[in-house]
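# Breakdown of the fold
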Amino acid sequence: MKILFISSEVAPFSKTGGLGDVAGALPVALASLGHDVKVVTPRYRDLRDAGRLSPTGQSLQLRFPFGEQGGPILSARMSERLEVLFLENEFFFGNRHGLYGDAWGEFGDNARRFAYLSVGALQAAQRLGFVPDIIHANDWQTGLVPVALRRGFQSTALASARSVFTIHNLAYQGQFPKGVMADLGLPWDLFTSEGGLEFYDTVNLLKGGLVFADALTTVSPTYAREIQTPEQGYGLDGLLRRRSHRLHGILNGVDTHEWNPATDPFLPERFGPRELAGKAVCKRELLRRFGLPEGDAPVFAIVSRLAWQKGMDLLLDALPTALQADIRFVGVGSGEGPLEEGMRALQERYPKQVSVHLGFDPALSHLVEAGADFFLMPSRYEPCGLNQMYSLRYGTVPIVRATGGLVDTVEGGLDGNGILFEAFHRAALLAAFRRALSLYADPLRLGDFRRRGMEKDFSWDASATRYEALYSALVAE
Ligand code: ADP
Ligand code: GLC
């Protein structure tokens with residue numbers, strides 16, 4: 001099949017979270033199944049590996065009511081069957097740092113920027129003579145893709161393509177004032193609640209994807225069920241229930257080349273399930289890098305966006321009690337001001353036990369996964385979550401709240417590979433800390449937990465095969 005995959009971030013070129021990881025890895029797995037894949041994404045100013053890009057000789061020219069915009073299409077060839085296309089535009093992407101916003105908040109022209117990506121991706125396929133069987137869009141930034149496919153491109157060669165829309169996070173919906181309809185040239189008959197983009201008198205771009213795509217997916221089976229409930233549906237659960245026959249939960253995989261403790265170039269020493277000695281070396285290096293005294297105390301860690309979703313407020317609430325035990329806490333994270341402030345304050349109060357690095361640092365995140373004993377994810381909700389899988393692969397026992405993809409990947413119980421807690425409550429989290437401490441005090445049992453986690457298969461192969469089956473079914477319809 002020919003697959004056009006559209007995402008606002010693609011690792012290793014750009015990434016603010018798991019979407020970047022998925023858009024970097026799933027297309028690789030699809031291409032190795034024999035499909036022709038083109039990924040389309042913006043050419044941001046601060047792109048990593050920008051040296052790999054070369055011109056295609058083609059460019060976009062789009063006309064919106066707000067004006068004409070265009071720019072070159074660049075390309076990075078990843079393998080014989082996989083190419084990443086970058087839409088360059090000075091006005092939307094080239095003139096600023098950041099993907100979606102900066103210290104001042106979200107960019108004010110995000111509706112225009114991601115309309116440019118969505119419509120531009122379809123035009124890029126046309127310009128390059130690529131006629132896809134499947135067009136796969138992701139999250140609100142590309143919600144207009146299925147809409148444009150039905151309403152703007154219906155008399156082009158693209159019209160026969162089937163569309164898939166993946167929800168990586170239902171809480172981020174791309175909601176804008178209704179003036180955006182006219183600004184982007186969206187026909188007013190689409191401004192309806194039933195079968196349109198209207199949502200409490202605003203324009204909801206995510207809803208466009210949910211209404212118009214031929215199939216919907218989300219990134220774990222448990223989250224697929226949760227988003228059909230009022231508690232987790234963020235106002236869209238009714239629509240998702242109506243389309244539930246079209247909604248599939250397909251668990252994310254992980255990039256097993258990037259996240260492999262036996263080959264990881266960011267570690268001072270490598271290790272594997274049968275040879276854990278290197279993990280102790282990583283722990284020493286981790287403590288050194290974070291400026292904490294050496295010792296045998298268990299190290300608890302986070303690598304996270306500091307956001308409400310991630311339950312970082314709950315963690316900050318529980319840690320002063322947990323730190324009465326002889327434990328260490330290290331964190332790598334960035335995000336909401338008050339949470340960053342909270343982390344900083346904790347470090348000042350417990351300088352011998354707590355050390356945090358406030359920023360986005362992929363290299364350091366590898367060392368944390370390798371050197372820590374326990375990895376904390378007390379999420380309020382979690383569509384899939386990737387770090388718990390990285391932790392399992394690195395023999396670091398995840399402590400997670402029983403929600404979304406965390407339930408589908410971490411096994412609790414006496415012969416599991418991690419620690420789960422149910423209630424989003426301080427006492428429940430502290431009870432999980434207590435279970436971690438007793439596990440740590442029993443090296444044989446701890447070794448078994450680690451080994452079971454490290455031996456579990458989280459490669460993309462199984463998930464990519466599920467997407468492939470879904471695509472085939474759509475094409476055959
Ligand atoms: P989400 O996408 O909701 O943030 P995921 O667990 O799916 O959560 O993915 C997060 C990804 O972003 C992981 O690869 C994680 O290592 C990475 N990440 C998050 N915060 C940081 C940070 N401060 N530094 C480096 N990597 C980070
Ligand atoms: C979102 C979710 C996260 C998921 C990621 C990739 O950012 O918050 O749980 O793992 O997308 O699908």
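Residues numbered from 1 in each chain as written. Chains lettered and ligands numbered in written order. Predicted model: local features only at pLDDT ≥ 70, side-chain atom pairs only at ≥ 80, totals over all residues. Heavy atoms only, no water.

### A look at the overall build of the protein chain
- Looking only at helices and strands, the protein chain has 17 helices and 20 strands in total.
- Its C-alpha atoms give the protein chain a radius of gyration of 23 Å, near enough to 23 Å, the size a compact globule of 477 residues would have.
- If one aligns the C-alpha atoms of the protein chain with their principal axes, the spans along those axes are about 65 × 45 × 45 Å.
- Split into buried and exposed, the 477 residues of the protein chain put 59% on the buried side.
- If you take every contact in the protein chain between residues at least 6 apart in sequence, the share linking residues at least 24 apart comes to 71%. (Helix = DSSP H or I, 4+ residues; strand = E, 2+ residues; numbered from the N terminus. Rg over C-alpha atoms; globule rule 2.2 N^0.38 Å. Buried < 20%, exposed > 50% of the residue type's maximum accessible area, 1.4 Å probe, protein only. Contact = heavy atoms within 4.5 Å.)

### Let's talk about helix α4 (residues 144-151)
- Counted residue by residue, α4 has six buried out of eight residues, so it is predominantly covered.
- The set of residues buried in α4 consists of Leu-144, Val-145, Pro-146, Val-147, Ala-148 and Leu-149.
- Of the surrounding elements, those touching the buried residues of α4 are β1 (2-6), α3 (110-127), β8 (134-138), β9 (162-167), α5 (179-184) and α6 (205-212).

### Describing the packing of aromatic side chains
- Under the criterion given, the structure shown has 21 aromatic pairs.
- A connected cluster of aromatic rings, assembled from ring pairs, spans Tyr-44, Phe-64, Phe-66, Phe-91, Phe-92, Phe-93 and Tyr-116.
- Between Arg-96 and the ring centre of Phe-107, over which it is positioned, the NZ or CZ distance is 4.7 Å.
- Taking the ring centre of Phe-449 as reference, the NZ or CZ of Arg-452 above it sits at 5.2 Å. (Phe/Tyr/Trp six-rings, centres within 6.5 Å; stacked < 30°, edge-to-face > 60°. Lys NZ or Arg CZ within 6 Å of the ring centre and 35° of its normal.)

### A few points about the site of ligand 2
- Around ligand 2, the surrounding shell holds 14 residues, and the nearest of these are His-168, Asn-252, Glu-382, Cys-384 and Gly-385.
- A distance of 2.8 Å separates an oxygen atom of ligand 2 from a polar atom in the backbone of Gly-385.
- Residue contributions to the shell around ligand 2 peak at three residues, all from helix α1 (residues 18-32).
- Here the shell around ligand 2 is composed, by residue class, of six nonpolar, six polar and two charged. (Near = heavy atom within 4 Å. Polar contact = N/O pair within 3.5 Å; in protein donor to acceptor, adjacent residues only side chain to side chain. Nonpolar A, V, L, I, M, F, W, Y, C, P; charged D, E, K, R; others polar.)

### Comments concerning unusual backbone geometry
- Following Ala-11, the chain continues to Pro-12 via a peptide bond in cis, the omega torsion being 5 degrees.
- Structurally, Pro-12 is set in the loop between β1 and α1.
- Non-glycine residue Asp-49 carries a positive phi angle of around 55 degrees.
- Mapped onto the secondary structure, Asp-49 falls in the loop between β2 (36-42) and β3 (54-64).
- The phi torsion at Tyr-234 lies on the positive side, around 45 degrees, for a residue other than glycine.
- Within the element layout of this structure, Tyr-234 appears in the loop between α7 (221-226) and α8 (237-242).

### Concerning the side chain of Ser-379
- By the secondary structure assignment, Ser-379 is in the loop between β18 (374-377) and α13 (387-393).
- For Ser-379, a relative accessible area of 1% translates into the label buried.
- In this structure the side chain of Ser-379 is engaged in a polar contact, spanning 2.7 Å, whose partner is the side chain of Glu-382.
- Those residues in contact with Ser-379 that sit more than four places away from it in its chain are Gln-309, Lys-310, Gly-311, Arg-401, Thr-403, Leu-406 and Phe-424.

### Regarding the site of ligand 1
- Close to ligand 1 lie 20 residues, the nearest being Gly-18, Asp-21, Arg-305, Lys-310 and Gly-359.
- With respect to ligand 1, the backbone of Gly-359 contributes an N or O atom lying 2.8 Å from a nitrogen atom.
- A distance of 2.9 Å separates an oxygen atom of ligand 1 from a polar backbone atom of Leu-386.
- When ligand 1 is considered free in solution it has 560 Å² of accessible area, and contact with the protein chains removes 93% of it.
- Counting only elements with at least two residues in the shell around ligand 1, the list comes to α1, β15 (299-306), β16 (328-335) and α13.
- Residue contributions to the shell around ligand 1 peak at three residues, all from β15.
- Partitioned by chemical class, the residues of the shell around ligand 1 number six nonpolar, eight polar and six charged.
- Each of domain 1 (2-253 + 461-476) and domain 2 (277-457) contributes no fewer than three residues to the shell around ligand 1. (Areas by Shrake-Rupley, 256 points an atom, 1.4 Å probe, with all protein chains shown as cover. Domains from an automatic or database assignment.)

### As for the sheet that holds strand β14 (residues 247-249)
- With mixed pairing, the nine strands of this open sheet are ordered in space as β3-β4-β5-β2-β1-β8-β9-β13-β14. A single partner strand is all that each edge strand has here, and the edge strands are β3 and β14. Recorded for the sheet is a direction-independent mean angle of 25 degrees between the axes of neighbouring strands.
- Inspection of the sheet shows β9 paired to strand β13 (residues 215-218) by four bridges, in the parallel sense. Looking at the pairing, Val-164 lines up with Ala-215 of β13. (Pairing = 2+ DSSP bridges. Axes fitted to C-alpha atoms, helices over the stretch in contact; angles between N-to-C directions.)

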